[in-house]
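Structure assessment
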Amino acid sequence: SQQGEEDPQALSIQEGENATMNCSYKTSINNLQWYRQNSGRGLVHLILIRSNEREKHSGRLRVTLDTSKKSSSLLITASRAADTASYFCATDSSASKIIFGSGTRLSIRP
Amino acid sequence: GAGVSQSPRYKVAKRGQDVALRCDPISGHVSLFWYQQALGQGPEFLTYFQNEAQLDKSGLPSDRFFAERPEGSVSTLKIQRTQQEDSAVYLCASSLSGGYEKLFFGSGTQLSVL
């Protein structure tokens, strides 16, 4: 079973626009992470936000976390063709188990 | 090594055959995770090692699945008597210390059971 659920399942936007993906989870967490996966490849870590943080930035990425609503969002600004990929949130229900959501498939149109 | 290495990259097995998938984590990484990813889905947790100790195997789908990491480095995921529903990409990931940290993933082994 998967703890996180991303929304939307698929997103297609024009190059240069911003992309927003949401993640909801079920149980209390210590950290929430976002990963990117290009087709046929492994996942690449993007950003980690701790449960006591509300917002974090890394380059064109902005992540928010609302622990009261058990939700997070990932914003990619000024999207590029290379941002086309699947994006997953991951939560740690314990130190030994990091659980991934079902993912958002992002397509950037040139 | 430079990254997490998995082999083979592709594996085709006949139903009923046993397979072994190998994972070489980043040198010095304490934690190692195995995931199963079906097409179009997110990775599903299988098992977790801290050094040579298997601390969580709650995600292994059946007793046909077995994982080991005898010296706290290389890990092997073994699937006995493979079935068609075992067809998936098997991903390995490692992290420097315990959980709660970012994971470094290998490219995965794509298993097809015919």
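We now turn to the structure provided with this report.

**Considerations on the overall build of chain A**
On a plain count of helices and strands, chain A comes out with zero helices and eleven strands. Starting at the N terminus and ending at the C terminus, chain A contains elements arranged as β-β-β-β-β-β-β-β-β-β-β. Its C-alpha radius of gyration of 13 Å places chain A within 12% of the 13 Å reference for a compact globule of 110 residues. Looking at chain A as a whole, 48% of its 110 residues qualify as buried. Taking the contacts inside chain A whose residues are at least 6 apart along the sequence as the reference set, 54% of them involve residues at least 24 apart. Of note, chain A has its 14 positive side-chain charges centred 4 Å away from the centre of its 10 negative side-chain charges.

**Points about the interface of chain B and chain A**
Counting from both sides, the interface comprises 22 residues of chain B and, opposite them, 26 residues of chain A. For the pairing of chain B and chain A, the buried interface totals around 1,900 Å² over both sides, and the portion due to carbon and sulfur atoms is 50%. Three residues, Pro43, Tyr100 and Phe105 of chain B, lead the burial of chain B against chain A; their summed loss comes to 31% of the area buried on that side. Summed over the shared surface of chain B and chain A, the result is zero salt bridges. At the junction of chain B and chain A, the tally comes to seven residue pairs in polar contact (both at pLDDT 80 or more). When residues of the side of chain B that touches chain A are traced back to their parent elements, those giving at least two are strand 4 (31-37) and strand 5 (44-50) of chain B. Its residues assigned to classes, the side of chain B that touches chain A comprises nine nonpolar, eight polar and five charged.

**Some thoughts on the side chain of Asn31 of chain A**
One can find Asn31 of chain A in strand 4 (residues 31-37). Looking at Asn31 of chain A, its side chain comes within polar contact range of the side chain of Arg50 of chain A, at 3.2 Å. If we skip the residues at most four places from it in the chain, Asn31 of chain A touches Leu48, Ile49, Arg50, Ala90, Thr91 and Asp92 of chain A together with Tyr100 of chain B.

**Structural notes on the environment of Asp18 of chain B**
Residue and element names in this part refer to chain B. By the secondary structure assignment, Asp18 is in the loop between strand 2 (10-13) and strand 3 (19-24). Along the primary structure Asp18 and Arg64 are separated by 46 residues, whereas in three dimensions their C-alpha atoms are 9.2 Å apart. In this structure, Asp18 is in contact with Ile79, Gln80 and Arg81, ignoring residues within four places of it in sequence. At a separation of 2.8 Å, a polar atom in the side chain of Asp18 contacts the main-chain amide nitrogen of Arg81.

**Focus: the pattern of salt bridges**
Residues and elements named next belong to chain B. For the structure shown, the criterion picks out five salt bridges over all chains. Arg22 is the salt-bridge partner of Asp24, the closest N and O atoms lying 2.9 Å from each other. For Arg22, a relative accessible area of 38% translates into the label partly exposed.

Definitions and cut-offs
- Each chain has its residues counted from 1, running along the sequence as written.
- In the order they appear in the text, chains get letters beginning with A and ligands get numbers beginning with 1.
- Side-chain atom pairs in this predicted model are given and counted only at pLDDT of 80 or more, local residue features only at pLDDT of at least 70, and totals for whole chains, interfaces and linings cover all residues.
- Side-chain metrics rest on all non-hydrogen atoms present in the structure, leaving aside hydrogens and water.
- A helix here means a DSSP run of H or I that spans at least four residues, while a strand means a run of E at least two residues long, and both kinds are numbered starting from the N terminus.
- Using C-alpha atoms as the atom set, the radius of gyration is obtained and then compared with a globule rule of 2.2 Å times the number of residues to the power 0.38.
- Partly exposed residues are those whose accessible area sits between 20% and 50% of the maximum for their type, while under 20% is buried and over 50% is exposed, using a 1.4 Å probe and protein chains only.
- By definition in these notes, contact holds between two residues if any of their heavy atoms fall within 4.5 Å.
- Charge counting follows a simple rule: Lys and Arg are positive, Asp and Glu are negative, and His as well as the terminal groups are ignored.
- Lys charges are placed at NZ, Arg charges at CZ, Asp charges at CG and Glu charges at CD.
- Two parts placed together each lose some accessible area; with a 1.4 Å probe, that loss summed over both constitutes the buried area.
- When a carboxyl oxygen of Asp or Glu lies within 4 Å of a side-chain nitrogen of Lys or Arg, that pair is called a salt bridge.
- Residues adjacent in sequence count toward polar contacts only when both atoms are side-chain atoms; beyond that, a polar contact is any pair of N or O atoms within 3.5 Å, and within protein one must be able to donate a hydrogen and the other to accept it.
- Only Asp, Glu, Lys and Arg are considered charged, only Ala, Val, Leu, Ile, Met, Phe, Trp, Tyr, Cys and Pro nonpolar, and every remaining residue, Gly among them, polar.

Keep in mind these numbers describe shape, not what the thing actually does.
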